[in-house]
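# Notes for the structure review
For reference, the chains in residue letters:
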Amino acid sequence: MPDYKTEQNKPHSDCISSDLQHNLAKIQQLFTETPDMITRHLTIKQSGRQAVLIYIDGLNDKAAINDDVLRPLQQELGEDSQEIAVTVGHVGHLSSWEQAELAFFQGNSLLFIDGEEQAYALDTKGWPQRNIEDPQLESSLKGAHQGFLESGDLNIALIRRYIPHRGLKIKRIMVGERGRTIVSIMYIEDIANEKYMAELERRIRQIKVDAIINTGELCEFIEDNPFSLFPQLITTERPDTTASQLLQGRCAVVVDRSPNVLIAPVTFMSFFQNIDDYSSRWTIATFLRLLRMFAFITAAFLPAIYISVVSYHFEIIPLKLLLTLGESRGQVPFPPFVEAILMETTLELLREAGIRLPAPVGQTVGIVGGIVIGQAVVQAGLISNVMVIVVAFTAISSFILPNYDMVAAVRLIRFILMILASMFGFVGLVIGFMTMFGHIIALKSLGTSYGSPIAPVRLADLKDTLIRVPLWLMDKRPLSTAPKQSKRQRQSRVQGDEE
């Protein structure tokens with residue numbers, strides 16, 4: 001339950017009255033045309049005073065209201081007491097109508113008692129909620145099969161299970177004038193750098209919008225360069241990934257009603273890491289990271305390289321392959337650039353159709369559409385066989401990348417490089433590569449260098465980038481997070497008969 005006392009700094013119209021009839025009239029005035037509001041009049045047997053309980057049907061747990069609120073209040077409990085006899089987990093004390101309105105629409109039930117200049121916010125939230133499931137975009141072979149839900153409190157609880165330590169701190173901020181979204185910043189007090197924490201909090205507090213619906217919207221408001229194609233914060237749906245990032249000195253942003261959590265600050269290489277890397281042998285993890293980097297280069301550059309070679313530099317192709325390529329392209333009326341644009345656009349259409357349609361239909365459309373269209377366009381002489389192979393290899397490479405936001409960036413970069421390659425050949429490719437490399441080096445994530453540990457060079461951080469050394473050798477946290485405690489572990493590996 002949020003700390004409603006923090007809202008006392010905001011101006012509000014009036015305070016809650018001690019007269020129950022006045023409060024009832026105020027309720028009718030504030031919550032007009034709210035047919036799902038339930039109003040229960042009752043007499044508290046403990047004190048004999050009149051009271052009113054209001055809540056929203058559908059947002060509250062009716063069993064909790066009956067068993068933990070109404071039944072204790074209406075039972076004889078002996079001598080009068082200053083405490084109300086409810087048995088819910090948390091009871092908030094509200095003194096203003098602004099606080100009451102906020103708590104009411106967040107799913108709490110409100111109890112007004114005659115003679116008291118306050119209302120009680122009773123934690124009886126109970127809206128429909130799905131079960132914990134395997135993450136959809138970040139599947140893991142050896143990691144936990146638990147993903148975040150659409151409840152900020154439950155997501156924080158899932159993270160706490162991995163870090164049951166008092167050093168794990170939470171700062172809560174209310175964002176949105178109408179949506180009133182609860183945004184929680186999580187960090188480990190004696191590890192996370194206070195400068196980054198303060199900067200993250202400052203950026204979130206400066207947001208002035210109607211509502212924040214999900215983490216994607218929040219991300220656009222707080223990232224360093226909103227015009228860049230590259231993501232500057234990691235969006236994850238895994239509690240174990242979030243806990244791992246917190247232990248490295250980063251901050252996590254939990255947005256209520258969103259099944260994703262933001263991680264900051266991050267580097268470019270962070271988007272090629274996966275939670276399974278730390279469950280596999282270090283040699284396998286290193287191989288997979290190198291494979292992902294190769295897939296990134298292939299997904300971004302392969303169609304552009306094909307266009308450059310066929311259009312400008314065909315002399316570098318071996319003669320036999322050049323004859324095969326010429327035979328394949330002999331019937332195609334379009335230049336390589338148009339050919340590539342047609343196939344890449346078709347691929348993007350199939351990808352979007354597969355995502356938007358129901359899962360069984362989407363998979364069928366993706367498979368059947370790809371095979372039928374691929375074969376049909378070749379037989380019709382619109383696209384060459386080699387172009388189909390290039391596009392298919394590019395698509396497979398993009399699927400290997402573990403982060404969806406980075407995949408989306410690569411999709412757009414690919415089109416830009418294709419245009420440059422069609423205009424200038426290899427010269428255009430070099431210009432595109434140098435521009436992209438310089439842009440990555442210049443980028444910041446929460447004020448830290450996005451290109452670290454390559455630029456600026458931080459040799460210590462290279463242990464967990466393209467190459468993942470054994471865990472017992474990673475004794476320090478990443479320098480890119482500037483942690484307050486750089487030492488991550490002591491000598492942990494016991495050899496032979498050592499104890």
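Residue numbers run consecutively from 1 along every chain, following the written order of its sequence. Given that the model is predicted, a residue must reach a pLDDT of at least 70 before its local features are reported, and side-chain atom pairs must reach 80 or more before they are shown or counted; all residues, however, enter totals for whole chains, interfaces and linings. Each side-chain value is derived from all of the structure's non-hydrogen atoms; neither hydrogens nor water enter the calculation.

### Considering the packing of aromatic side chains
- Classification of ring pairs rests on two measures: the distance between centres of Phe, Tyr or Trp rings, Trp counted by its six-membered ring, which must be within 6.5 Å, and the angle between planes, read as stacked under 30 degrees, edge-to-face over 60 and tilted in between. Within the structure shown, the criterion is met by 12 aromatic pairs.
- Ring plane angle 85° and centroid distance 5.5 Å describe the contact between Phe-272 and Phe-296, whose orientation is recorded as edge-to-face. Remark: Phe-296 occurs in helix α8 (residues 282-311) and Phe-272 occurs in the loop between β10 (261-264) and α8; sequence separation between them is 24 residues. Each member of the pair, Phe-272 together with Phe-296, is buried.
- In this structure an aromatic cluster arises from ring pairing among Phe-230, Phe-268, Phe-271, Phe-272, Phe-296 and Tyr-450. Secondary structure elements follow DSSP: runs of H or I no shorter than four residues count as helices, runs of E no shorter than two count as strands, and numbering proceeds from the N terminus. Residue burial is assigned from relative accessible area. The probe radius is 1.4 Å, only protein chains are included, and a residue is buried under 20% of its type maximum, exposed over 50%, and partly exposed in between.

### Looking at the sheet that holds strand β2 (residues 50-56)
- For two strands to pair, DSSP has to find at least two bridges joining them. Taking strand neighbours across the sheet as the criterion, the five strands line up as β1-β2-β4-β5-β3 in an open arrangement whose pairing is antiparallel. Bordering the open sheet on either side are β1 (37-43) and β3 (91-94), each of which pairs with just one other strand. Averaged over all pairs of adjacent strands, the angle between strand axes in this sheet comes to 25°, irrespective of strand direction.
- Two elements, β3 and strand β5 (residues 119-122), share four bridges in a ladder whose sense is antiparallel. Its bridge partner being in β5, Gly-92 is matched across the sheet by Ala-121.
- Note on contacts: a residue pair is in contact if any heavy atoms of the two residues lie within 4.5 Å. Axis angles are defined between N-to-C directions and span 0 to 180 degrees, where every axis is a line fitted to C-alpha atoms and, for a helix, only to the segment in contact. Its contacts with the sheet place helix α1 (residues 20-30) against β1, β2 and β4 (109-113), and it is angled at close to 20° to β2.

### Here we look at the pattern of salt bridges
- The term salt bridge refers to a pairing of a side-chain nitrogen on Lys or Arg with a carboxyl oxygen on Asp or Glu at a separation within 4 Å. Tallied over the full model, the rule gives 28 salt bridges.
- As a salt-bridge pair, Arg-178 and Asp-210 come within 3.8 Å of each other at their nearest N and O atoms. You can see Arg-178 sitting in the loop between β6 (168-175) and β7 (181-188) and its partner Asp-210 sitting in the loop between α5 (194-205) and α6 (215-222), a full 32 residues away along the chain.
- For the salt bridge of Glu-348 with Arg-414, the shortest nitrogen-to-oxygen distance reads 3.8 Å. Placement of the pair is Glu-348 in helix α10 (residues 336-356) and Arg-414 in helix α13 (residues 404-424), with a sequence separation of 66 residues. This pair shows no difference in class: Glu-348 is buried, exactly as Arg-414 is.
- A network of salt bridges, in which partner residues are shared, links Glu-344, Glu-348, Arg-351, Glu-352, Arg-356, Arg-411 and Arg-414.

### Focus on α1
- Along α1, the residues classified as buried are Leu-20, Asn-23, Leu-24, Lys-26 and Ile-27. For α1, the arc enclosing every buried residue in end-on projection is 160°, short of the 170-degree limit, so these residues lie on one face. Residues Gln-21 and Gln-29 are exposed on α1 and point more than 90 degrees away from its buried face.
- Packed against the buried residues of α1 are β1, β2, α3 (97-105) and β4. Note that the arc is computed from the directions linking the helix axis to the C-beta atoms.

### Quick word on the environment of Trp-282
- When you line up the elements, Trp-282 lands in helix α8.
- Put simply, Trp-282 and Pro-470 are 188 residues apart on the chain and 5.5 Å apart in space, counted from C-alpha to C-alpha.
- Ignoring any residue separated from it by four or fewer positions in sequence, one finds Trp-282 in contact with Arg-468, Val-469 and Pro-470.

All quantities given are derived from atomic positions and should not be read as evidence of function.
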